[in-house]
Amino acid sequence: VAEALKVHTGTMERVTEFRAMQALSRAWHREGKRIAFVPTMGALHDGHAALLREGARRGDALVLSVFVNPTQFNRAEDYHAYPRRLERDLQVAEAAGVRCVFTPDAGQLYPPGHQTWITPGPLADRLCGPFRPGHFRGVCTAMSALFNAVQPDVAVFGEKQYQQLLIVRRMVKDLHIPVEIAAHPIVRDADGLALSSRNERLGPADRAAALTVPRGLEAARQLYLSGERRARALWSAVTRTIGAAPARPGGGPSIRLEYCHVCDPETLVDVDRVEGPTLIAVAAHAGSVRLIDNMILGR
Ligand code: PAF
């Protein structure tokens, strides 16, 4: 099956069918290979390249998936506007030493008659949860299917989507999926903006506004380093910085804060004081782009 369905691009294979991916993974496991997996929605940037490097370090056979998962988008416009450039992604993957790029389509991942969902618990109700109903249900359902296809020994997730990382970790524990979930720190542009495939939709004015997010987090970190431990004071440092973003060229706020939480990095429950490792997580909208960013203090 694998031979019939895979397309060779140099030494890297592209697989589109679940059965072919499973056959390839089984063959690798029989050879004693450790499979490392980086799941993505494509439009790869340097942040993904860092995840791929981490994957290459942790396994013998590196698999990248590119699947723009329709069920994790809240608005059809956002799903359709999501950048897609597979040809370039394949080049990035090959250069990064990927052995197999798995690119199922939505009809493969959600077979006709699909009706089984994985609904995460309270971790999904916090931070992004109230603003993106069903998002993490879509992520968990797609991820469990991708894990069943790729059968990785280790999967690498970026800390930019910190809540996603925690929820996926919880899911693999709860469902006894035999995969180690590894985290990679946020990768930032030189100006501090956390890399995201959506950043390319930021115009210059939106980008200037978006930069107040990492600056706000940095302001909170500086306050923490100077001894401040009250969560409210750290929250104020972030929200004041974002609130001081330059106005839009036509007037009016250039960035809209969705949330800022100072919380426990395991439970995502808000804290009053920083007494151990503490997560500051932010979501905001600049132009048509929703940004998320975070920082962990005290770890
Ligand atoms: O982080 C992403 O790119 C996506 O949420 C993921 C993990 C590939 C699931 O679709």
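### Remarks on the sheet that holds strand β8 (residues 255-263)
Strand order in the open sheet formed by 3 strands is β8-β9-β10, with antiparallel pairing between adjacent strands. Either end of the sheet is taken by a strand with one partner, and the two such strands are β8 and β10 (289-297). Strand-to-strand twist of the sheet, defined as the mean angle between neighbouring strand axes without regard to direction, takes the value 15°. Bridge count for strand β9 (residues 278-286) against β10 is 9 bridges, and the pairing is antiparallel. Note on β10: the bridge partner recorded for Thr-278 is Leu-297. With respect to the sheet, helix α10 (residues 212-225) is in contact with β8, β9 and β10, its orientation differing from that of β10 by roughly 15°.

### Focus on the pattern of salt bridges
For the structure on display, the rule yields 18 salt bridges. Here Glu-54 makes a salt bridge to Arg-57, at a shortest N to O gap of 2.8 Å. One end of the pair, Glu-54, and the other, Arg-57, are both in helix α3 (residues 46-58), 3 residues apart, so they sit about a helical turn from each other. Residue classification places Glu-54 among the buried residues on the basis of a relative accessible area of 13%. Judged by its relative accessible area of 61%, Arg-57 is exposed.

### Some words on helix α11 (residues 231-243)
In this model, α11 (13 residues) spans 18 Å end to end at C-alpha, consistent with the 18 Å of a helix rising 1.5 Å per residue. Among the residues making up α11, those that are buried are Ala-231, Ala-233, Leu-234, Ser-236, Ala-237, Val-238, Thr-239 and Ile-242. Lining the buried residues of α11 we find α10, β8, β9 and β10.

### A word on the confidence of the model for the protein chain
Averaged over the protein chain, the pLDDT score is 95; the fraction of residues at 70 or greater is 97%. When the elements of the protein chain are averaged for pLDDT, helix α1 (residues 2-5) gives the smallest value, 43, and strand β6 (residues 154-158) the largest, 99. This stretch, residues 1-5, has a pLDDT under 50; its non-local contacts, to residues over four places away or in other chains, come to 11 contacts.

### Observations regarding unusual backbone geometry
Of note, Leu-127 is a non-glycine position whose phi angle comes to about 40°, a positive value. By the element assignment, Leu-127 lies in the loop between α6 (106-109) and α7 (135-150). The class for Leu-127 is buried, based on a relative accessible area of 6%. Even without being a glycine, Gln-151 presents a positive backbone phi close to 50°. Its place among the elements puts Gln-151 in the loop between α7 and β6. You can call Gln-151 partly exposed: its relative accessible area is 25%.

What counts as what
- Residues numbered from 1 in each chain as written.
- Predicted model: local features only at pLDDT ≥ 70, side-chain atom pairs only at ≥ 80, totals over all residues.
- Heavy atoms only, no water.
- Pairing = 2+ DSSP bridges.
- Helix = DSSP H or I, 4+ residues; strand = E, 2+ residues; numbered from the N terminus.
- Axes fitted to C-alpha atoms, helices over the stretch in contact; angles between N-to-C directions.
- Contact = heavy atoms within 4.5 Å.
- Salt bridge = Lys/Arg side-chain N within 4 Å of Asp/Glu carboxyl O.
- Buried < 20%, exposed > 50% of the residue type's maximum accessible area, 1.4 Å probe, protein only.
- Expected span 1.5 Å × (residues − 1).
- pLDDT = per-residue confidence, 0-100.

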